[in-house]
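# Structural overview
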Amino acid sequence: MTTPTRRSLLGMGGAVLGAFAATSIVPQSASAAPGVGDYRVVTRSSEQFEDLRQGTNLRWRGNPERLAFPRGADEVAAEIRTVLDRGLRPAVRSGGHCYEDFTTHGGITAVIDTSAMNQVRWDPEMKAFEVGAGAQLGVVYQLLYKQWGVYLPAGNCPTVAAGGHIAGGGYGSMNRRDGLVVDHLAAVEAVHVKEDGTVAVSVGTSDPDDPNHDLWWAYTGGGGGNFGVATRYWMRSPGADGASPREALPAPPKKVLVNSVAWDWDGIDESSFERLLANHGRWHEENSEAGTPEAGLFSQLKLWHRSNGSITVDTIVDAGVPDAEGVLRRYVEALSEGVGAPIERENRLVPWMQATSWNGFTGPDSTRRFDGKSAYLRRAWTREAVRGAWEGLNDTSLSNPGALLMIASYGGAVNTVDSDATAVAQRDSIIKFQVVSIWDDPGDDAANTAWTRATYSAMFASSGGVPAPSEDTDGCFVNYCDTDLDDPDWNTSGLSSLDLYYKGNLPRLQRARAAYDPKEIFRHAQSLPLG
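Residues numbered from 1 in each chain as written. Predicted model: local features only at pLDDT ≥ 70, side-chain atom pairs only at ≥ 80, totals over all residues. Heavy atoms only, no water.

Here we take up the sheet that holds strand β3 (residues 66-69). Within the open sheet, the four strands sit side by side as β2-β3-β5-β4. Their pairing is mixed. Each edge of the sheet is formed by a strand with only one pairing partner; in this case those strands are β2 (40-43) and β4 (90-93). With direction set aside, neighbouring strand axes in the sheet form an average angle of 20°. Summarising the sheet, β4 and strand β5 (residues 110-113) pair through four bridges and their orientation is parallel. Within β5, the residue paired with alanine 91 across the bridge is valine 111. (Pairing = 2+ DSSP bridges. Helix = DSSP H or I, 4+ residues; strand = E, 2+ residues; numbered from the N terminus. Axes fitted to C-alpha atoms, helices over the stretch in contact; angles between N-to-C directions.)

What follows is the structure, given as structure tokens:
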């Protein structure tokens with residue numbers, strides 16, 4: 001297992017990656033190149049248009065003139081040239097799981113969809129795994145493990161694609177053991193438009209001497225739609241030795257314990273609710289050190305709206321850590337103290353590969369509508385946050401069993417990396433959560449968005465309705481994008497969404513934006529301004 005540290009994050013050998021820190025200019029005639037130009041393009045008259053115009057979040061339906069499915073950087077470059085020649089406004093989409101309308105906004109007239117770039121293979125020259133921007137995480141896990149016995153510490157939802165997930169600094173159930181996915185990013189290839197209008201393909205690496213090093217750094221958490229189109233990533237853990245693919249990324253746990261427990265809402269009053277959150281926060285304060293057996297535990301505490309009938313905790317533990325069963329048992333006992341014993345719904349030992357599809361963590365049904373708002377916690381829950389959560393979850397104006405606080409374990413290896421070593425600035429948090437609602441009927445949009453807004457705002461009322469960086473909280477997660485963060489009706493903190501996402505890393509990200517998309521070809525409601 002190769003866990004990133006502060007000292008090793010940028011310790012990639014320049015001899016391995018530096019040679020690939022290249023930029024090539026794609027000429028105007030790129031569409032005539034062999035194999036370029038015959039990729040799939042869907043238009044409004046195409047049979048698939050109605051389906052493909054929207055992503056996973058069915059709240060948003062775009063109406064672009066064309067949706068293109070290029071298969072590599074050259075074809076992406078050709079598509080960008082076509083889009084620019086026609087005066088269209090492009091957006092880039094990988095898995096389509098965006099919380100907002102960044103790829104479906106009415107002003108978007110061309111979508112570049114990376115799903116055809118779904119390769120997962122070993123690159124012997126780079127000595128790293130090449131992952132296409134359109135590769136879905138479930139497929140990445142299967143191919144890496146079945147062929148080489150390794151894995152990528154990434155997210156839990158198998159249909160999320162690498163493109164946006166990695167760009168936003170994604171996390172998953174092994175974050176406390178092995179860090180964030182970007183802590184294993186060695187290089188990125190991106191297609192972008194230069195100041196003179198030429199289309200370029202650049203590769204940026206983790207080598208600090210690489211002239212495109214800032215491109216690599218920007219893709220370690222700078223968010224999608226800011227630096228052109230990422231077409232492929234190379235993954236190799238910092239400190240990995242040799243040229244063997246089996247040593248380039250961590251091995252996953254051989255087996256994991258999966259556990260699910262629940263409390264009936266009828267048995268929960270405000271006092272026991274407060275106790276549950278106090279217990280949860282205290283455990284994470286006391287058990288977030290990297291390298292410990294407890295760092296092999298990840299859980300999601302799901303505080304469902306009272307109309308759901310229950311509160312649940314889904315937990316996974318690396319069965320290879322010392323006393324794994326004891327780690328799990330003590331965690332559930334710690335949460336239960338003063339609350340009452342929960343009902344155990346599931347407790348099994350499962351092979352890791354099968355556990356990547358465990359329904360405890362695999363994300364919402366992709367035929368639904370959702371809205372969410374995120375926060376990082378540096379320490380246990382404040383009284384204000386607990387009170388706001390209680391009021392929201394017991395709000396009788398909403399009756400939706402799909403409304404909840406989704407609270408994830410965080411920290412461990414994540415917090416061994418400096419806040420400026422990658423674009424992910426939040427490197428001392430112990431909990432990451434979102435207020436989220438999932439529903440089906442378009443007629444319920446207003447009620448559900450009103451609920452997420454009111455609940456979130458109440459939890460952070462004293463800091464302007466948002467988790468402003470403080471000793472308790474540390475901003476928001478860019479992959480759970482939220483345009484309300486820029487609405488003065490919901491954010492009176494004086495901080496913008498970009499301040500909350502990126503903190504002190506914002507100026508460097510703005511400079512990268514100016515270097516790799518100076519004409520702002522790709523833009524959305526929360527794009528980085530030019531630095």
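This part covers the nonpolar core. Core analysis: the biggest nonpolar cluster contains 120 residues, and Tyr219, Phe273, Leu303, Trp381 and Phe433 have the highest contact counts within it. At six residues, helix α9 (residues 324-336) tops the list of elements feeding residues into this core. Among residues more than four places away in sequence, those in contact with phenylalanine 433 are Lys373, Ser374, Ala375, Leu377, Trp381, Leu405, Met406, Ile407, Met459 and Phe460. (Core = buried A, V, L, I, M, F, W, Y, C linked by side-chain atoms within 4.5 Å. Buried < 20%, exposed > 50% of the residue type's maximum accessible area, 1.4 Å probe, protein only. Contact = heavy atoms within 4.5 Å.)

Locating aspartate 113 in the fold gives a position in strand β5. Under the relative-accessibility criterion, aspartate 113 is labelled buried at 4%. Only 2.9 Å separates the side chain of aspartate 113 from the side chain of arginine 93, close enough to count as a polar contact. The residues contacting aspartate 113, other than those within four sequence positions of it, are Ala68, Phe69, Pro70, Arg93 and Ser94. (Polar contact = N/O pair within 3.5 Å; in protein donor to acceptor, adjacent residues only side chain to side chain.)

In this section: helix α12 (residues 445-459). Here α12 is 15 residues long and its end C-alpha atoms lie 22 Å apart, about the 21 Å a rise of 1.5 Å per residue gives. What α12 keeps buried is the set Asn448, Thr449, Trp451, Thr452, Thr455, Tyr456 and Met459. Burial along α12 is one-sided: seen end-on, the buried residues are contained in an arc of 155°. (Expected span 1.5 Å × (residues − 1). Arc of directions from axis to C-beta.)

Limitation: the analysis is restricted to geometry and does not speak to function.
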